[in-house]
Amino acid sequence: MRKGGFSILFVLVLLMALSLIFLIPSGAVTEEAEEYYDELLMEDSGEEEYGAKHKPIAVIASAVFSDILPSSGIDPLPIELGVPGNAPIEANFTENGYRDESMIVEIEQRRMYDSDVYIAYIKVATPSQLRTAIAGNKLSSERTNFTTAIASNYNAVVAMNGDFYSMVATGYITRMGTEGREKPSKTMDLLWIDELGDFHIVPNGQDGQKQAMKEFKAEHELINSFAFGPGLVVDGEKVEMRDNLWEHGSYDEPRAGIGQLDMLTYCLVVVNGREENTEGVTIEEFADIMYQLGCKQAYNLDGGNSATLVFNGKIVNEKQADERKVLDIIYFASAADGE
């Protein structure tokens, strides 16, 4: 099929899919969607014609993501530190996924760069379902706990360790709308998440971050912000790593990161390392992994033995080392009424 004809077909199918939102129950999968995405996966020339940035997200993750869209019928969760999400519906969990009227989660394992890569793809109906939690009861607390324990306390469907923000003295730290620190960083890239659930990655540099925050607050509300980095993918482009950006960036290490694939569509990614059969990856390799997954924005978080992906209360990336206690987590919660 010629490029022009295929482009027209893609637009037509996309418009048809959008029109079905009022006809198809949230979370339902149509045969047409599955067949269409199967055809895209089998298209030999598709990647050359369209490039990585134009791959449909549903191809990268799963065709089911095409059938759940933001819904005005879902009440948002409270944006408040210390408030958990709704309890998930236990019967809706499978070995590798979860779905209800407010969200879809799918878990995948891949082998990349001689390492085990664990991915959680998440689609939610409201930005409020992307949440953060801390082990203590206030942002200044130094209390730590296991990722599994914090996730359980907050009804997380899927969760990952955060940035362990107490390890550094700079960076903007906000969790669930509560501001804890406003100090621009000379060395660290920052991640800001706004009221729409969109990611903004801000490069290192104090003057630039001060100006960026001023412009950000003129248009958005800061819901969650992180100080770790570096940014891995920005606006669909893989970031070129600076040699002195990160002390252990050139070493093979366990890694943890979060990416935004599309509107209210995300991935949590953990790479196991420091083991005989899974070496871990460099920061540059981790950026390439996030790029290959189709991230429009992607950000590196606390790695090493902190790197832990939890689904349905269990560690997905099982490893030889014991689970490490952390300060904070990022998690996704259901907004469905389980009653």
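Structural notes, computed from the coordinates. It should be emphasised that the depicted structure is a prediction, and the values quoted were computed from it without experimental measurement.

A look at the overall build of the chain
Broken down by element type, the chain carries seven helices and 21 strands. Out of the 339 residues in the chain, the part that is buried amounts to 52%. Partitioning the contacts of the chain with sequence separation of at least 6, the portion at a separation of at least 24 is 73%. Here the chain has roughly 16000 Å² of accessible surface; of this, 49% comes from carbon and sulfur atoms.

Details of unusual backbone geometry
Between G229 and P230 the backbone carries a cis peptide bond, its omega angle lying at 10°. Residue placement: P230 occurs in the loop between β12 (222-227) and β13 (231-234). A positive phi angle is found at M176, which is not glycine, with a value near 50°. Residue placement: M176 occurs in the loop between β8 (171-175) and β9 (178-183). By relative accessible area, which is 2% here, M176 ends up buried.

Comments concerning the state of the cysteines
On inspection of all chains with the given rule, the structure shows zero disulfides. Take C267: it sits in no disulfide, and the sulfur closest to it among the cysteines is that of C295, at 3.5 Å. What makes C295 buried here is its relative accessible area of 3%.

Quick notes on the sheet that holds strand β7 (residues 158-161)
Read across the sheet, five strands follow the order β5-β21-β7-β18-β19 without closing on themselves; strand pairing throughout is antiparallel. Every other strand in the sheet has two partners, leaving β5 (130-134) and β19 (314-315) as the edge strands with one partner each. As paired elements, β5 and strand β21 (residues 328-332) share five bridges and run antiparallel to each other. Bridge pairing in β21 links A133 to I329.

Section: the environment of I104
Inspection of the secondary structure assignment puts I104 in strand β3 (residues 103-112). In this structure, the C-alpha to C-alpha distance between I104 and A125, residues 21 residues apart in sequence, is 9.1 Å.

Points about the packing of aromatic side chains
Summed over the entire model, instances satisfying the criterion amount to seven aromatic pairs. Geometrically, the ring pair formed by F93 and Y98 is tilted, given 4.6 Å between the ring centres and 45° between the ring planes. With centroids separated by 6.0 Å and ring planes inclined at 50°, the aromatic side chains of Y154 and Y331 adopt a geometry described as tilted. Of this pair, Y154 sits in the loop between α5 (147-153) and β7 while Y331 sits in strand β21, placing them 177 residues apart in sequence. Through pairs of rings, three or more aromatic residues link up here, namely F93, Y98 and F311. K325 extends its terminal NZ or CZ atom over the ring of F146, reaching a point 5.4 Å from the ring centre.

Conventions we followed
- Residues numbered from 1 in each chain as written.
- Predicted model: local features only at pLDDT ≥ 70, side-chain atom pairs only at ≥ 80, totals over all residues.
- Heavy atoms only, no water.
- Helix = DSSP H or I, 4+ residues; strand = E, 2+ residues; numbered from the N terminus.
- Buried < 20%, exposed > 50% of the residue type's maximum accessible area, 1.4 Å probe, protein only.
- Contact = heavy atoms within 4.5 Å.
- Areas by Shrake-Rupley, 256 points an atom, 1.4 Å probe, with all protein chains shown as cover.
- Disulfide = S-S within 2.5 Å.
- Pairing = 2+ DSSP bridges.
- Phe/Tyr/Trp six-rings, centres within 6.5 Å; stacked < 30°, edge-to-face > 60°.
- Lys NZ or Arg CZ within 6 Å of the ring centre and 35° of its normal.

Purely geometric stuff here, so don't read any function into it on its own.
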